[in-house]
Amino acid sequence: MNMTPKEIVAYLDDYVISQKDAKKTIALALRTRYRRMQLDEDLQNEIMPKNILMIGSTGVGKTEISRRLAKMMKVPFIKVEASKYTEVGFVGRDVESMIRDLVLNSISIVKSEKEEQNQDKINNYVLNRIVEKLLPPLPESASESKKDDYQRLLEAMEKRVENGEMDEKIIELEFDKIHVEFDDSNLPPEMVKVQESFTKIFANINKEDNKKEISVKDAKEVLKLEASNKLLDSNSINTEALKRAENGGIIFLDEIDKIALSEKSQGRNDPSKEGVQRDLLPIVEGSSVTTKYGVINTDHILFIAAGAFHVSKPSDLIPELQGRFPLRVELESLTEETLYKILTQTQNSLLKQYEALLGVEGMKLIFKDEAIRSIAKLAHKANETTEDIGARRLHTVLEKVLEDISFEADEHSGEDYVITSEFVHKKLDTVVDDDDLSRYIL
Ligand SMILES: Nc1ncnc2c1ncn2[C@@H]1O[C@H](COP(=O)(O)OP(=O)(O)OP(=O)(O)O)[C@@H](O)[C@H]1O
Ligand SMILES: [Mg+2]
(Lines give C-alpha, C1' and ligand atoms only; values in the text may rest on other atoms or scores of the structure.)
(Ligands and ions follow the chains in the order given, each with its own letter.)
Protein backbone atom coordinates (compact mmCIF):
# COMPACT_ATOMS: atom_id res chain seq x y z
CA MET A 1 0.00 0.00 0.00
CA ASN A 2 2.80 2.42 0.72
CA MET A 3 4.59 1.97 -2.58
CA THR A 4 5.69 5.21 -4.19
CA PRO A 5 4.25 6.17 -7.58
CA LYS A 6 7.57 5.31 -9.17
CA GLU A 7 7.60 1.87 -7.63
CA ILE A 8 4.08 1.19 -8.79
CA VAL A 9 4.92 2.24 -12.34
CA ALA A 10 8.09 0.17 -12.28
CA TYR A 11 6.08 -2.87 -11.22
CA LEU A 12 3.54 -2.33 -13.96
CA ASP A 13 6.34 -1.91 -16.50
CA ASP A 14 7.13 -5.58 -16.13
CA TYR A 15 3.74 -6.52 -17.50
CA VAL A 16 2.37 -3.65 -19.53
CA ILE A 17 4.42 -1.98 -22.24
CA SER A 18 4.14 1.76 -22.87
CA GLN A 19 0.85 3.40 -21.69
CA LYS A 20 2.92 5.69 -19.51
CA ASP A 21 0.15 8.20 -18.84
CA ALA A 22 -2.30 5.62 -17.64
CA LYS A 23 0.24 4.04 -15.33
CA LYS A 24 1.26 7.39 -13.93
CA THR A 25 -2.28 8.55 -13.26
CA ILE A 26 -3.19 5.37 -11.49
CA ALA A 27 0.00 5.27 -9.48
CA LEU A 28 -0.61 8.81 -8.35
CA ALA A 29 -4.20 8.11 -7.40
CA LEU A 30 -3.04 5.24 -5.24
CA ARG A 31 -0.37 7.30 -3.58
CA THR A 32 -2.88 10.02 -2.83
CA ARG A 33 -4.94 7.44 -0.99
CA TYR A 34 -1.92 6.61 1.10
CA ARG A 35 -1.15 10.25 1.80
CA ARG A 36 -4.73 10.88 2.85
CA MET A 37 -4.63 8.07 5.37
CA GLN A 38 -1.73 9.75 7.14
CA LEU A 39 -3.75 12.91 7.87
CA ASP A 40 -6.07 13.92 10.73
CA GLU A 41 -9.50 12.49 10.50
CA ASP A 42 -11.11 15.89 9.88
CA LEU A 43 -8.98 16.56 6.88
CA GLN A 44 -9.29 12.97 5.71
CA ASN A 45 -13.00 13.35 5.37
CA GLU A 46 -12.59 16.37 3.16
CA ILE A 47 -10.36 14.69 0.64
CA MET A 48 -12.37 12.82 -1.96
CA PRO A 49 -10.72 10.42 -4.36
CA LYS A 50 -10.47 11.55 -7.95
CA ASN A 51 -11.96 8.82 -10.08
CA ILE A 52 -10.26 7.87 -13.30
CA LEU A 53 -11.60 7.21 -16.77
CA MET A 54 -9.32 5.18 -19.03
CA ILE A 55 -10.04 5.50 -22.71
CA GLY A 56 -8.38 3.31 -25.27
CA SER A 57 -9.28 0.97 -28.07
CA THR A 58 -9.56 -2.72 -27.58
CA GLY A 59 -6.54 -4.80 -26.59
CA VAL A 60 -4.20 -2.00 -25.53
CA GLY A 61 -3.87 -2.97 -21.89
CA LYS A 62 -6.71 -1.36 -19.95
CA THR A 63 -7.82 -4.52 -18.23
CA GLU A 64 -4.27 -5.79 -17.96
CA ILE A 65 -3.20 -2.76 -15.94
CA SER A 66 -6.00 -3.31 -13.49
CA ARG A 67 -5.44 -7.03 -13.26
CA ARG A 68 -1.83 -6.46 -12.36
CA LEU A 69 -2.69 -3.80 -9.82
CA ALA A 70 -5.10 -6.17 -8.17
CA LYS A 71 -2.43 -8.82 -7.83
CA MET A 72 0.15 -6.46 -6.48
CA MET A 73 -1.80 -4.48 -3.99
CA LYS A 74 -3.21 -5.83 -0.84
CA VAL A 75 -6.10 -3.38 -0.93
CA PRO A 76 -9.64 -4.57 -1.57
CA PHE A 77 -10.08 -4.60 -5.30
CA ILE A 78 -12.68 -5.91 -7.68
CA LYS A 79 -13.11 -5.70 -11.40
CA VAL A 80 -16.63 -5.62 -12.72
CA GLU A 81 -18.20 -5.13 -16.12
CA ALA A 82 -20.59 -2.21 -16.26
CA SER A 83 -22.56 -3.95 -18.97
CA LYS A 84 -23.50 -6.77 -16.61
CA TYR A 85 -25.65 -4.63 -14.39
CA THR A 86 -29.28 -3.79 -14.79
CA GLU A 87 -31.39 -1.02 -13.42
CA VAL A 88 -32.98 -1.57 -10.01
CA GLY A 89 -36.29 -3.29 -10.49
CA PHE A 90 -35.15 -5.24 -13.53
CA VAL A 91 -34.00 -8.83 -13.39
CA GLY A 92 -30.25 -9.04 -12.94
CA ARG A 93 -27.53 -7.69 -10.73
CA ASP A 94 -28.09 -4.23 -9.36
CA VAL A 95 -25.12 -1.92 -9.08
CA GLU A 96 -25.03 -1.98 -5.29
CA SER A 97 -23.95 -5.58 -5.48
CA MET A 98 -20.51 -4.40 -6.60
CA ILE A 99 -20.03 -2.79 -3.21
CA ARG A 100 -20.99 -6.04 -1.51
CA ASP A 101 -18.50 -7.89 -3.69
CA LEU A 102 -15.84 -5.41 -2.65
CA VAL A 103 -16.60 -6.07 1.01
CA LEU A 104 -16.37 -9.82 0.45
CA ASN A 105 -13.01 -9.34 -1.21
CA SER A 106 -11.87 -7.22 1.72
CA ILE A 107 -12.97 -9.86 4.18
CA SER A 108 -11.00 -12.54 2.46
CA ILE A 109 -7.89 -10.33 2.50
CA VAL A 110 -8.22 -9.53 6.20
CA LYS A 111 -9.04 -13.12 7.02
CA SER A 112 -5.99 -14.53 5.32
CA GLU A 113 -3.84 -11.94 7.07
CA LYS A 114 -5.22 -12.98 10.43
CA GLU A 115 -4.73 -16.62 9.57
CA GLU A 116 -1.14 -15.85 8.75
CA GLN A 117 -0.65 -14.05 12.06
CA ASN A 118 -2.25 -16.90 14.00
CA GLN A 119 -0.66 -19.70 12.07
CA ASP A 120 0.88 -21.33 15.13
CA LYS A 121 -2.36 -21.32 17.05
CA ILE A 122 -4.23 -22.77 14.10
CA ASN A 123 -1.65 -25.47 13.51
CA ASN A 124 -1.76 -26.42 17.17
CA TYR A 125 -5.49 -26.72 17.14
CA VAL A 126 -5.41 -28.95 14.07
CA LEU A 127 -2.68 -31.10 15.53
CA ASN A 128 -4.47 -31.57 18.85
CA ARG A 129 -7.71 -32.54 17.23
CA ILE A 130 -6.03 -35.15 15.07
CA VAL A 131 -3.77 -36.57 17.73
CA GLU A 132 -6.63 -37.03 20.20
CA LYS A 133 -8.29 -39.24 17.58
CA LEU A 134 -5.20 -41.33 17.01
CA LEU A 135 -4.27 -41.66 20.64
CA PRO A 136 -7.14 -42.21 23.08
CA PRO A 137 -6.66 -40.18 26.28
CA LEU A 138 -5.45 -41.79 29.50
CA PRO A 139 -7.96 -42.31 32.30
CA GLU A 140 -7.64 -39.79 35.17
CA SER A 141 -6.58 -42.53 37.55
CA ALA A 142 -3.45 -43.48 35.62
CA SER A 143 -0.24 -43.59 37.58
CA GLU A 144 2.46 -40.94 37.27
CA SER A 145 4.80 -43.17 35.34
CA LYS A 146 2.02 -44.09 32.91
CA LYS A 147 1.38 -40.40 32.40
CA ASP A 148 5.03 -39.84 31.56
CA ASP A 149 4.99 -42.64 29.03
CA TYR A 150 1.85 -41.26 27.56
CA GLN A 151 3.37 -37.83 27.24
CA ARG A 152 6.25 -39.28 25.26
CA LEU A 153 3.91 -41.19 23.01
CA LEU A 154 1.93 -38.06 22.46
CA GLU A 155 4.92 -36.08 21.38
CA ALA A 156 6.07 -38.81 19.04
CA MET A 157 2.62 -38.99 17.52
CA GLU A 158 2.52 -35.23 17.04
CA LYS A 159 5.76 -35.43 15.11
CA ARG A 160 4.46 -38.21 12.90
CA VAL A 161 1.26 -36.33 12.12
CA GLU A 162 3.21 -33.18 11.39
CA ASN A 163 5.63 -34.73 8.97
CA GLY A 164 2.88 -36.55 7.09
CA GLU A 165 3.60 -40.13 8.15
CA MET A 166 0.01 -40.55 9.26
CA ASP A 167 -1.59 -38.89 6.22
CA GLU A 168 -3.14 -42.08 4.87
CA LYS A 169 -4.70 -43.10 8.17
CA ILE A 170 -8.49 -42.80 8.42
CA ILE A 171 -10.00 -41.14 11.46
CA GLU A 172 -13.53 -40.33 12.51
CA LEU A 173 -14.09 -36.64 13.04
CA GLU A 174 -17.12 -34.85 14.33
CA PHE A 175 -17.78 -31.39 13.01
CA ASP A 176 -19.40 -28.57 14.91
CA LYS A 177 -21.37 -27.16 12.13
CA ILE A 178 -21.79 -27.59 8.46
CA HIS A 179 -21.41 -24.30 6.73
CA VAL A 180 -24.05 -23.53 4.21
CA GLU A 181 -22.89 -20.65 2.13
CA PHE A 182 -25.22 -19.01 -0.32
CA ASP A 183 -24.06 -16.79 -3.06
CA ASP A 184 -25.65 -13.81 -1.46
CA SER A 185 -23.85 -10.96 -3.11
CA ASN A 186 -26.98 -10.25 -5.05
CA LEU A 187 -29.48 -10.42 -2.24
CA PRO A 188 -31.29 -7.36 -0.98
CA PRO A 189 -30.73 -6.69 2.74
CA GLU A 190 -34.14 -8.05 3.77
CA MET A 191 -33.27 -11.36 2.20
CA VAL A 192 -29.95 -11.53 3.95
CA LYS A 193 -31.78 -11.98 7.27
CA VAL A 194 -33.89 -14.79 5.88
CA GLN A 195 -30.80 -16.42 4.56
CA GLU A 196 -29.03 -16.18 7.89
CA SER A 197 -31.81 -18.00 9.67
CA PHE A 198 -31.74 -20.62 6.94
CA THR A 199 -28.09 -21.18 7.63
CA LYS A 200 -28.91 -21.71 11.30
CA ILE A 201 -31.62 -24.23 10.54
CA PHE A 202 -29.35 -26.16 8.25
CA ALA A 203 -26.66 -26.18 10.85
CA ASN A 204 -29.06 -27.77 13.33
CA ILE A 205 -30.33 -30.39 10.96
CA ASN A 206 -26.82 -31.42 10.23
CA LYS A 207 -25.92 -31.75 13.87
CA GLU A 208 -27.34 -35.26 13.93
CA ASP A 209 -24.99 -36.92 11.52
CA ASN A 210 -21.94 -34.75 11.75
CA LYS A 211 -19.46 -37.57 12.07
CA LYS A 212 -17.38 -38.40 9.11
CA GLU A 213 -14.53 -40.73 8.32
CA ILE A 214 -11.71 -39.00 6.56
CA SER A 215 -8.01 -39.37 6.08
CA VAL A 216 -5.63 -37.44 8.27
CA LYS A 217 -4.49 -35.57 5.22
CA ASP A 218 -7.98 -34.27 4.47
CA ALA A 219 -8.65 -33.68 8.12
CA LYS A 220 -5.76 -31.25 8.20
CA GLU A 221 -7.47 -29.10 5.58
CA VAL A 222 -10.94 -29.33 7.05
CA LEU A 223 -9.75 -28.61 10.55
CA LYS A 224 -7.78 -25.61 9.42
CA LEU A 225 -11.04 -24.04 8.34
CA GLU A 226 -12.69 -24.99 11.59
CA ALA A 227 -9.76 -23.60 13.54
CA SER A 228 -9.84 -20.28 11.79
CA ASN A 229 -13.59 -20.01 12.33
CA LYS A 230 -13.16 -20.84 15.99
CA LEU A 231 -10.00 -19.01 16.90
CA LEU A 232 -10.37 -15.88 14.86
CA ASP A 233 -12.84 -13.26 15.91
CA SER A 234 -15.08 -12.88 12.90
CA ASN A 235 -16.63 -9.69 14.21
CA SER A 236 -13.34 -7.89 14.36
CA ILE A 237 -12.44 -9.26 10.93
CA ASN A 238 -15.65 -7.88 9.50
CA THR A 239 -15.21 -4.49 11.11
CA GLU A 240 -11.65 -4.24 9.90
CA ALA A 241 -12.66 -5.40 6.43
CA LEU A 242 -15.45 -2.84 6.18
CA LYS A 243 -13.07 -0.09 7.21
CA ARG A 244 -10.50 -1.12 4.66
CA ALA A 245 -12.99 -1.39 1.85
CA GLU A 246 -14.30 2.03 2.79
CA ASN A 247 -10.93 3.76 2.84
CA GLY A 248 -8.81 1.76 0.46
CA GLY A 249 -11.20 -0.06 -1.82
CA ILE A 250 -10.88 0.17 -5.58
CA ILE A 251 -13.53 -0.76 -8.08
CA PHE A 252 -12.48 -1.23 -11.67
CA LEU A 253 -15.50 -0.57 -13.80
CA ASP A 254 -14.74 -2.11 -17.16
CA GLU A 255 -16.75 -1.68 -20.37
CA ILE A 256 -18.25 1.59 -19.20
CA ASP A 257 -18.74 2.64 -22.81
CA LYS A 258 -21.24 -0.16 -23.19
CA ILE A 259 -23.72 1.65 -20.96
CA ALA A 260 -23.34 4.96 -22.78
CA LEU A 261 -26.12 5.97 -25.12
CA SER A 262 -24.53 6.76 -28.44
CA GLU A 263 -26.26 9.08 -30.86
CA LYS A 264 -25.76 6.69 -33.72
CA SER A 265 -27.70 3.88 -32.20
CA GLN A 266 -30.33 5.96 -30.49
CA GLY A 267 -33.71 4.32 -30.56
CA ARG A 268 -32.20 0.87 -30.60
CA ASN A 269 -30.71 1.43 -27.20
CA ASP A 270 -31.65 -0.56 -24.21
CA PRO A 271 -33.57 1.89 -22.04
CA SER A 272 -32.05 0.43 -18.91
CA LYS A 273 -28.57 1.67 -19.83
CA GLU A 274 -29.37 5.14 -18.66
CA GLY A 275 -30.97 3.63 -15.60
CA VAL A 276 -27.73 1.84 -14.74
CA GLN A 277 -25.86 5.10 -15.12
CA ARG A 278 -28.31 6.81 -12.77
CA ASP A 279 -27.99 3.98 -10.27
CA LEU A 280 -24.22 4.36 -10.42
CA LEU A 281 -24.31 8.05 -9.54
CA PRO A 282 -24.94 7.83 -5.80
CA ILE A 283 -22.46 5.01 -5.41
CA VAL A 284 -19.69 6.83 -7.19
CA GLU A 285 -20.57 10.09 -5.49
CA GLY A 286 -20.68 8.52 -2.06
CA SER A 287 -23.59 6.91 -0.29
CA SER A 288 -24.28 4.21 2.25
CA VAL A 289 -24.81 0.64 1.16
CA THR A 290 -26.09 -2.07 3.46
CA THR A 291 -24.26 -5.35 3.37
CA LYS A 292 -24.52 -8.48 5.42
CA TYR A 293 -21.51 -7.32 7.37
CA GLY A 294 -22.64 -3.81 8.12
CA VAL A 295 -23.18 -0.50 6.43
CA ILE A 296 -20.44 0.79 4.20
CA ASN A 297 -19.98 4.33 3.06
CA THR A 298 -18.74 4.64 -0.53
CA ASP A 299 -17.34 8.18 -0.31
CA HIS A 300 -13.70 7.18 -0.46
CA ILE A 301 -13.81 4.17 -2.71
CA LEU A 302 -11.77 4.80 -5.83
CA PHE A 303 -13.45 4.05 -9.14
CA ILE A 304 -11.43 3.40 -12.26
CA ALA A 305 -13.67 3.19 -15.28
CA ALA A 306 -12.44 1.94 -18.62
CA GLY A 307 -13.86 1.70 -22.08
CA ALA A 308 -12.92 1.64 -25.73
CA PHE A 309 -15.48 4.29 -26.68
CA HIS A 310 -15.50 3.21 -30.30
CA VAL A 311 -19.18 3.68 -30.92
CA SER A 312 -20.00 6.01 -28.09
CA LYS A 313 -17.92 8.81 -26.58
CA PRO A 314 -17.37 9.78 -22.96
CA SER A 315 -19.70 12.70 -23.64
CA ASP A 316 -22.48 10.19 -24.32
CA LEU A 317 -22.53 9.28 -20.67
CA ILE A 318 -25.01 11.29 -18.66
CA PRO A 319 -23.32 14.54 -17.58
CA GLU A 320 -23.53 13.82 -13.87
CA LEU A 321 -21.61 10.60 -14.35
CA GLN A 322 -18.99 12.23 -16.60
CA GLY A 323 -18.39 14.79 -13.89
CA ARG A 324 -17.62 12.10 -11.40
CA PHE A 325 -14.66 10.85 -13.41
CA PRO A 326 -12.49 13.96 -13.56
CA LEU A 327 -9.20 12.27 -14.44
CA ARG A 328 -9.07 11.14 -18.05
CA VAL A 329 -6.26 9.14 -19.54
CA GLU A 330 -5.99 7.91 -23.06
CA LEU A 331 -4.14 4.76 -23.88
CA GLU A 332 -2.13 4.75 -27.06
CA SER A 333 -2.66 2.39 -29.94
CA LEU A 334 0.09 -0.15 -30.16
CA THR A 335 2.92 0.45 -32.61
CA GLU A 336 5.05 -2.21 -34.21
CA GLU A 337 7.79 -1.49 -31.69
CA THR A 338 5.37 -1.82 -28.77
CA LEU A 339 4.13 -5.13 -30.11
CA TYR A 340 7.70 -6.33 -30.35
CA LYS A 341 8.34 -5.32 -26.76
CA ILE A 342 5.15 -7.01 -25.60
CA LEU A 343 6.49 -10.22 -27.10
CA THR A 344 9.97 -9.90 -25.69
CA GLN A 345 9.91 -7.86 -22.50
CA THR A 346 6.85 -8.82 -20.52
CA GLN A 347 7.10 -11.20 -17.58
CA ASN A 348 4.71 -13.75 -18.96
CA SER A 349 4.98 -13.02 -22.64
CA LEU A 350 3.18 -15.12 -25.20
CA LEU A 351 6.48 -16.47 -26.52
CA LYS A 352 7.39 -17.76 -23.08
CA GLN A 353 3.97 -19.34 -22.81
CA TYR A 354 4.34 -21.19 -26.10
CA GLU A 355 7.87 -22.26 -25.24
CA ALA A 356 6.63 -23.68 -21.97
CA LEU A 357 3.64 -25.40 -23.53
CA LEU A 358 5.68 -27.13 -26.21
CA GLY A 359 8.34 -27.84 -23.63
CA VAL A 360 5.84 -30.23 -22.10
CA GLU A 361 6.10 -32.30 -25.29
CA GLY A 362 9.86 -32.28 -24.93
CA MET A 363 10.28 -29.85 -27.79
CA LYS A 364 12.46 -26.78 -27.62
CA LEU A 365 11.09 -23.77 -29.42
CA ILE A 366 13.63 -21.08 -30.28
CA PHE A 367 12.50 -17.75 -31.70
CA LYS A 368 15.11 -15.83 -33.68
CA ASP A 369 14.99 -12.13 -32.98
CA GLU A 370 14.32 -11.37 -36.65
CA ALA A 371 11.37 -13.74 -36.49
CA ILE A 372 9.90 -11.87 -33.55
CA ARG A 373 10.37 -8.63 -35.46
CA SER A 374 8.48 -10.10 -38.37
CA ILE A 375 5.67 -11.29 -36.17
CA ALA A 376 5.31 -7.80 -34.68
CA LYS A 377 5.42 -6.26 -38.12
CA LEU A 378 2.78 -8.53 -39.59
CA ALA A 379 0.56 -8.20 -36.54
CA HIS A 380 0.76 -4.45 -36.82
CA LYS A 381 -0.02 -4.61 -40.51
CA ALA A 382 -3.04 -6.77 -39.90
CA ASN A 383 -4.23 -4.31 -37.26
CA GLU A 384 -3.93 -1.50 -39.76
CA THR A 385 -5.58 -3.17 -42.70
CA THR A 386 -8.43 -4.85 -40.87
CA GLU A 387 -9.61 -4.07 -37.33
CA ASP A 388 -7.23 -2.73 -34.68
CA ILE A 389 -7.52 -5.31 -31.93
CA GLY A 390 -4.29 -4.32 -30.24
CA ALA A 391 -2.12 -6.94 -28.60
CA ARG A 392 -4.78 -9.58 -29.01
CA ARG A 393 -3.64 -9.72 -32.64
CA LEU A 394 -0.45 -11.32 -31.43
CA HIS A 395 -2.43 -14.28 -30.18
CA THR A 396 -4.05 -14.95 -33.53
CA VAL A 397 -0.85 -14.34 -35.47
CA LEU A 398 1.25 -16.60 -33.27
CA GLU A 399 -1.39 -19.26 -33.30
CA LYS A 400 -1.28 -19.24 -37.10
CA VAL A 401 2.52 -19.36 -37.19
CA LEU A 402 2.74 -22.24 -34.78
CA GLU A 403 -0.36 -24.24 -35.59
CA ASP A 404 1.36 -27.03 -37.50
CA ILE A 405 4.29 -27.27 -35.15
CA SER A 406 1.95 -27.35 -32.21
CA PHE A 407 -0.18 -30.04 -33.82
CA GLU A 408 2.73 -32.34 -34.44
CA ALA A 409 4.79 -31.46 -31.40
CA ASP A 410 4.54 -34.90 -29.81
CA GLU A 411 6.30 -36.41 -32.84
CA HIS A 412 9.24 -34.06 -32.42
CA SER A 413 10.05 -34.73 -28.82
CA GLY A 414 13.68 -33.98 -28.00
CA GLU A 415 14.14 -31.71 -31.00
CA ASP A 416 14.99 -28.03 -31.22
CA TYR A 417 12.79 -26.00 -33.47
CA VAL A 418 14.14 -22.67 -34.65
CA ILE A 419 11.60 -20.15 -35.85
CA THR A 420 13.12 -17.88 -38.46
CA SER A 421 11.79 -14.80 -40.13
CA GLU A 422 11.50 -16.76 -43.35
CA PHE A 423 9.31 -19.32 -41.66
CA VAL A 424 7.03 -16.59 -40.27
CA HIS A 425 6.65 -14.99 -43.67
CA LYS A 426 5.97 -18.31 -45.32
CA LYS A 427 3.14 -18.94 -42.91
CA LEU A 428 1.65 -15.49 -42.97
CA ASP A 429 2.38 -13.57 -46.15
CA THR A 430 -0.46 -14.91 -48.22
CA VAL A 431 -2.86 -14.34 -45.34
CA VAL A 432 -1.77 -10.82 -44.46
CA ASP A 433 -1.65 -9.65 -48.05
CA ASP A 434 -5.12 -10.84 -48.75
CA ASP A 435 -7.55 -8.55 -46.95
CA ASP A 436 -10.44 -10.96 -47.04
CA LEU A 437 -8.38 -13.88 -45.86
CA SER A 438 -6.87 -11.99 -42.97
CA ARG A 439 -10.27 -10.78 -41.88
CA TYR A 440 -11.20 -14.38 -41.25
CA ILE A 441 -7.98 -15.95 -40.17
CA LEU A 442 -6.10 -13.34 -38.16
N1 LIG B 1 0.51 -2.46 -23.48
C2 LIG B 1 0.50 -3.77 -23.31
N3 LIG B 1 1.56 -4.42 -22.79
C4 LIG B 1 1.55 -5.75 -22.60
N5 LIG B 1 0.53 -6.56 -22.91
C6 LIG B 1 -0.56 -5.98 -23.42
C7 LIG B 1 -0.64 -4.57 -23.65
N8 LIG B 1 -1.83 -4.29 -24.16
C9 LIG B 1 -2.49 -5.44 -24.25
N10 LIG B 1 -1.74 -6.48 -23.82
C11 LIG B 1 -2.14 -7.89 -23.80
O12 LIG B 1 -3.26 -8.05 -24.68
C13 LIG B 1 -4.32 -8.74 -24.09
C14 LIG B 1 -5.55 -7.89 -24.05
O15 LIG B 1 -5.34 -6.74 -23.26
P16 LIG B 1 -6.44 -6.12 -22.29
O17 LIG B 1 -7.29 -7.21 -21.76
O18 LIG B 1 -5.79 -5.26 -21.32
O19 LIG B 1 -7.28 -5.25 -23.33
P20 LIG B 1 -8.28 -4.07 -23.06
O21 LIG B 1 -7.56 -2.80 -23.30
O22 LIG B 1 -8.92 -4.24 -21.73
O23 LIG B 1 -9.32 -4.30 -24.23
P24 LIG B 1 -10.92 -4.32 -24.23
O25 LIG B 1 -11.32 -2.89 -24.47
O26 LIG B 1 -11.26 -5.19 -25.39
O27 LIG B 1 -11.38 -4.85 -22.93
C28 LIG B 1 -3.85 -9.17 -22.74
O29 LIG B 1 -3.44 -10.52 -22.83
C30 LIG B 1 -2.66 -8.29 -22.45
O31 LIG B 1 -1.68 -8.99 -21.73
MG1 LIG C 1 -10.81 -4.96 -21.12
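Throughout, residues of each chain are indexed from 1 in the direction in which the sequence is written. Ligands are numbered from 1 and chains lettered from A, in the order in which they are written. The predicted origin of the model limits local features to residues at a pLDDT of at least 70 and limits the giving and counting of side-chain atom pairs to 80 or more, whereas totals for whole chains, interfaces and linings rest on all residues.

(A) Region of the structure containing the overall build of the chain. Segments assigned H or I by DSSP are reported as helices when at least four residues long, segments assigned E as strands when at least two residues long, and all are numbered from the N terminus. Each helix and strand in the chain was counted, giving 18 helices and 11 strands. Split into buried and exposed, the 442 residues of the chain put 31% on the buried side. For the purpose of contact definition, each residue receives a C-beta atom placed from its backbone, and two residues are in contact when these atoms lie within 7 Å. Expressed as a percentage of contacts within the chain between residues at least 6 apart in sequence, the contacts between residues at least 24 apart total 80%. Neighbour density around each residue's C-beta defines its exposure: 20 or more other C-beta atoms within 10 Å make it buried, 12 or fewer make it exposed, and counts between make it partly exposed, where C-beta atoms are placed from the backbone.

(B) Region of the structure containing the packing of helix α6 (residues 119–134) against helix α9 (residues 216–231). Running from amino to carboxyl end, α6 crosses α9 at an angle of 130 degrees, the nearest separation of the two axes being 8 Å. In this view, α6 runs oblique relative to α9, as classed from their interaxial angle. Relative to α9, α6 is oriented so that their crossing is right-handed. Contacts from Lys121, Ile122, Tyr125, Val126, Arg129 and Ile130 of α6 reach α9 at Val216, Ala219, Lys220, Leu223, Lys224, Ala227, Ser228 and Leu231. Its residues assigned to classes, the contact of α6 with α9 shows 9 nonpolar, 1 polar and 4 charged. Where helices are involved, their axes are fitted lines through C-alpha atoms of the stretch in contact, as for all axes, and angles between N-to-C directions lie from 0 to 180°. By the definition adopted for this analysis, an angle is roughly parallel if under 35 degrees, roughly antiparallel if over 145, roughly perpendicular if from 65 to 115, and oblique otherwise. What makes a crossing left-handed is the near helix being turned counterclockwise from the far one by less than a right angle; a clockwise turn instead makes it right-handed. Residue polarity is assigned by list, with Asp, Glu, Lys and Arg as charged and Ala, Val, Leu, Ile, Met, Phe, Trp, Tyr, Cys and Pro as nonpolar; anything else, Gly included, falls into the polar class.

(C) Representation of helix α15 (residues 369–385) in the model. To estimate how far a helix should extend, the number of its residues minus one is multiplied by 1.5 Å. Under the 1.5 Å per step criterion, the end-to-end length of α15 is 24 Å for 17 residues, consistent within 8% with the ideal 24 Å. If you check which residues of α15 are buried, you get Ala371, Ser374, Ile375, Ala376, Leu378, Ala379, His380, Ala382 and Asn383. Along its buried surface, α15 packs onto α13 (336–345), β10 (364–367), α16 (392–408), β11 (416–419), α17 (421–433) and α18 (435–441).

(D) Spotlight on the site of ligand 1. Near, as applied to residues and a molecule or strand, means the residue's backbone-placed C-beta atom lies within 6 Å of it. Residues in close proximity to ligand 1 total 18 residues, the closest being Thr58, Gly61, Thr63, Glu64 and Ala391. Take the shell around ligand 1: its biggest share by element is 3 residues, from helix α4 (residues 62–72). Two domains each donate at least three residues to the shell around ligand 1, and these are domain 1 (5–109 + 241–330) and domain 3 (336–431). The start and end points of each domain follow an automatic or database-based domain assignment.

(E) The sheet that holds strand β8 (residues 302–307), seen in detail. Strand order in the open sheet formed by 5 strands is β2-β5-β8-β1-β9, and the pairing between neighbours is parallel. One side of each edge strand has no neighbouring strand; the edge strands of this open sheet are β2 (77–81) and β9 (327–330). Recorded for the sheet is a direction-independent mean angle of 20 degrees between the axes of neighbouring strands. The sheet contact formed by strand β5 (residues 250–254) and β8 spans 4 bridges and is parallel. Along β8, the bridge assignment pairs leucine 253 with alanine 305. Relative to the sheet, α4 contacts β1 (52–55), β2, β5 and β8, its axis offset from that of β2 by approximately 155 degrees. In short, DSSP must find at least two bridges between two strands for them to pair.

(F) Structural detail: the nonpolar core. Residues of type Ala, Val, Leu, Ile, Met, Phe, Trp, Tyr and Cys that are buried and joined through C-beta atoms within 7 Å form what is called a nonpolar core. In terms of nonpolar packing, the biggest core is built from 86 residues, with Met54, Val103, Ile251, Ile304, Leu339, Ile375 and Val397 touching the most fellow members. Considering every element that reaches this core, the biggest residue donor is helix α5 (residues 96–117), with 7 residues. Here this core spans two domains, and each of domain 1 (5–109 + 241–330) and domain 3 (336–431) adds at least three residues to it. Excluding anything up to four places from it in sequence, isoleucine 375 contacts Leu343, Val397, Leu398, Val401 and Val424. By size, the runner-up hydrophobic cluster in this structure holds 10 residues, among which are Val126, Val131, Met166 and Val216.

(G) Geometry of the packing of helix α14 (residues 350–359) against α16. At a closest axis distance of 11 Å, the pairing of α14 and α16 adopts a crossing angle of 25 degrees. The angle between α14 and α16 falls in the class roughly parallel. Regarding α14 and α16, the two cross each other, and that crossing is right-handed. Residues Leu350, Tyr354 and Leu358 of α14 form the contact with α16, whose participating residues are Leu394, His395, Leu398, Leu402 and Ser406. When its residues are assigned to classes, the contact of α14 with α16 shows 6 nonpolar, 2 polar and no charged.

(H) Region of interest: the environment of threonine 239. Residue position: threonine 239 is located in helix α10 (residues 234–248). Considering only alpha carbons, one finds threonine 239 and isoleucine 107, 132 residues apart in sequence, at a separation of 9.0 Å.

(I) Representation of the pairing of β5 within the structure. Among the 5 residues that make up β5, 5 are buried, leaving the element largely enclosed by the rest of the structure. Of the two faces of β5, the one holding Ile250, Phe252 and Asp254 and the one holding Ile251 and Leu253 are both buried throughout. Relative to β5, β2 runs parallel, the two being bridged by 5 bridges. In the sheet register, isoleucine 78 faces β5, and the bridge partner there is isoleucine 251.

(J) Spatial organisation of helix α11 (residues 272–285). Given a rise of 1.5 Å per residue, 14 residues ought to cover 20 Å, and the 20 Å separating the end C-alpha atoms of α11 matches this to within 8%. Along α11, the residues that are buried comprise Lys273, Val276, Gln277, Leu280 and Val284. Close packing links the buried residues of α11 with β8 and α12 (319–323). The first or second residue beyond α11 is glycine 286, which carries a positive phi of 120 degrees.

(K) Focus on the environment of serine 112. When you line up the elements, serine 112 lands in helix α5. Each C-alpha atom, one on serine 112 and one on serine 228, is 9.5 Å from the other, the two residues being 116 residues apart in sequence.

(L) Representation of the confidence of the model for the chain in the model. For the chain, per-residue confidence averages 86 on the pLDDT scale, and residues scoring 70 or more make up 89% of the total. Taken element by element, the chain is modelled with least confidence in helix α8 (residues 189–207), mean pLDDT 61, and with most confidence in α13, mean pLDDT 96. Confidence of the prediction at every residue is given by pLDDT, a number between 0 and 100.

(M) Geometry of the environment of proline 5. Tracing the sequence through the fold places proline 5 in helix α1 (residues 5–13). By the C-beta count within 10 Å, which is 18 here, proline 5 ends up partly exposed. Other than its neighbours up to four places away in sequence, proline 5 contacts Ala27, Leu28 and Arg31.

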